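Residue-level listing of the chains:
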Amino acid sequence: MNRLIAFLYLWLFALNGIALDLPDHLKSAENLYRTAGGYGCHLCHGLYGHGANQAGGYIRGANQEILKTALIEQPTMKLLNNVLSDKDMELIANYLIYLGEIPIVSLTVDNMAIGIEVDERRDSEKALQLVLFNAGFSEVTLDLSALGLNTLTIAAQATESLIWSPNSQSEIFDPQVINILP
Amino acid sequence: MKKILFFTITLIACFSQADTIDLFKSTSCGCCKLWGDIMEDEGYQVDTFHPQDLDAVKSKWGVPPVLKSCHTAVIDGYVFEGHVPEADIRKFLDNPPDGMIGLSVPGMPALSPGMAPEGAEYENFNVVAFDKDGNMMLFNKY
């Protein structure tokens, strides 16, 4: 019975991918990351701290020290320094450190072409975060079956995130196997 | 003569009316203000508001959530989200594409107006037009 449950769990896991499973104490941190100052850090650093081609760039793994320095020294972040308490900064830093532990693969779908940025730290043991951005102006559907994942539809200009685990189909994530469906 | 003068003044008033921007931003946004400054230099009158809930403003004016940036500007009933260059706003207002209600430069690209260092060329971002149902099209590419 336990085996069956384990099997079912793995099957679900493999077929659907899963969302980022944030520990409870980091959920409010994520919320703060996306609303700080009334607009949010993500506009300049990406929804998952991965940069997303915005002004601030990649900040996964940044600790409190680095964050505090940036809030003092970066002209575009200075005003945020006044609205974040020490506790807020600690919370956000913990969130960034948590994200920094997860290797990330960023995919950008643009007009039937896929651009890929792969975290060199990916290996056959670690689950990784797949962040998929549709840079186009209409919805796209991706065939992720070679990765053991369901097809995924992404709205125009939207970003989706999945956790992909090497124990599903292949040992190491291979971005080449992703196809855009017509 | 008096009539003509009156007519001219009314006409001028009408035009300057069209060039007023309602700028909705957070008090803790510096780049929003820099964008407003650029628009003032371009001859617009910028009236700045600091609402508690910016998201409510964005959804009221129909900005698709995926196209969000920091500030939201309203000119002549059309909405301009984020660091949209003045030239694109002018082009849009002169001839709004069918059904489109505004433009957005989603996120905060480094080389967009208000983000880029003074005098730098605008580069590496899209200007996106959208309608009230969230349909989108590319309006300009830098």
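Here the structure is shown first, and the text comes after it.
Below or above, wherever it landed, is the structure these notes cover. Given the structure is predicted, the values throughout are model-derived calculations rather than measurements. (Residues numbered from 1 in each chain as written. Chains lettered and ligands numbered in written order. Predicted model: local features only at pLDDT ≥ 70, side-chain atom pairs only at ≥ 80, totals over all residues. Heavy atoms only, no water.)

**Describing the interface of chain A and chain B**
Interfaces are frequently sized by the accessible area removed from exposure as the parts join. On the chain B side, the residues contacting the 16 residues of chain A number 23 residues. Summing both partners gives a buried area of about 1,500 Å² for chain A against chain B, and 65% of it is carried by carbon and sulfur. The largest per-residue losses of area from chain A upon contact with chain B belong to Tyr39(A), Leu43(A) and Phe137(A), which jointly make up 36% of the total buried on that side. Between the two partners, chain A and chain B, sit zero salt bridges. There are six residue pairs in polar contact (both at pLDDT 80 or more) connecting chain A and chain B. Mapped by element, the contributors of at least two residues to the side of chain A that touches chain B are helix H3 (42-45) and helix H5 (78-81) of chain A. Grouping the amino acids of the side of chain A that touches chain B by side-chain chemistry returns 10 nonpolar, six polar and no charged. (Contact = heavy atoms within 4.5 Å. Buried area = accessible area lost by both parts, 1.4 Å probe. Salt bridge = Lys/Arg side-chain N within 4 Å of Asp/Glu carboxyl O. Polar contact = N/O pair within 3.5 Å; in protein donor to acceptor, adjacent residues only side chain to side chain. Helix = DSSP H or I, 4+ residues; strand = E, 2+ residues; numbered from the N terminus. Nonpolar A, V, L, I, M, F, W, Y, C, P; charged D, E, K, R; others polar.)

**Looking at the packing of helix H2 (residues 24-33) of chain A against helix H6 (residues 86-100) of chain A**
All names here are of chain A. It is the contact of H2 with H6, at a shortest axis distance of 9 Å, that shows an interaxial angle of 105°. Taken together, the axis directions place H2 and H6 in an arrangement best described as roughly perpendicular. Of H6, the residues touching H2 (which contributes His25, Leu26, Ser28, Ala29, Glu30, Leu32 and Tyr33) are Asp88, Leu91, Ile92, Asn94, Tyr95, Leu96 and Tyr98. When grouped by side-chain class, the residues that make up the contact of H2 with H6 number nine nonpolar, three polar and two charged. (Axes fitted to C-alpha atoms, helices over the stretch in contact; angles between N-to-C directions. Parallel < 35°, antiparallel > 145°, perpendicular 65-115°, else oblique.)

**Focus on the nonpolar core**
Counting residues in each nonpolar core, the largest one holds 34 residues, and the members touching the most others are Tyr95(A), Cys70(B) and Met108(B). Among the elements of the structure, H2, H3, helix H4 (64-73) and H6 of chain A together with helix H2 (30-41) of chain B are those that each provide at least two residues to this core. Sorting elements by how many residues they give to this core places H6(A) first, with five residues. Two domains each put at least three residues into this core: domain 1 (2-100) and domain 2 (104-181) of chain A. For Cys70(B), the contacting residues outside a window of four places in its chain are Tyr39(A), Leu43(A), Cys29(B), Cys31(B), Cys32(B), Leu54(B), Lys58(B), Glu81(B), His83(B) and Met108(B). Residues Tyr44(B), Val105(B), Ala129(B) and Phe139(B) belong to the second largest nonpolar core, which totals 20 residues. (Core = buried A, V, L, I, M, F, W, Y, C linked by side-chain atoms within 4.5 Å. Buried < 20%, exposed > 50% of the residue type's maximum accessible area, 1.4 Å probe, protein only. Domains from an automatic or database assignment.)

**Some points on the state of the cysteines**
A complete count under the given rule lists one disulfide over all chains for this structure. Here Cys29(B) connects covalently by a disulfide to Cys32(B), the sulfurs 2.1 Å from one another. An S-S torsion of about 80° defines the bridge between Cys29(B) and Cys32(B) as right-handed. As far as the burial class goes, Cys29(B) and Cys32(B) line up, both buried. Cys41(A) forms no disulfide, and the closest cysteine sulfur to it belongs to Cys44(A), at a distance of 8.7 Å. (Disulfide = S-S within 2.5 Å.)

**Notes on the environment of Ala29(A)**
All names here are of chain A. Structurally, the position occupied by alanine 29 is in helix H2. With a relative accessible area of 0%, alanine 29 lands in the buried category. When the C-alpha positions of alanine 29 and leucine 91 are compared, they lie 5.5 Å apart, and in sequence the two are 62 residues distant.

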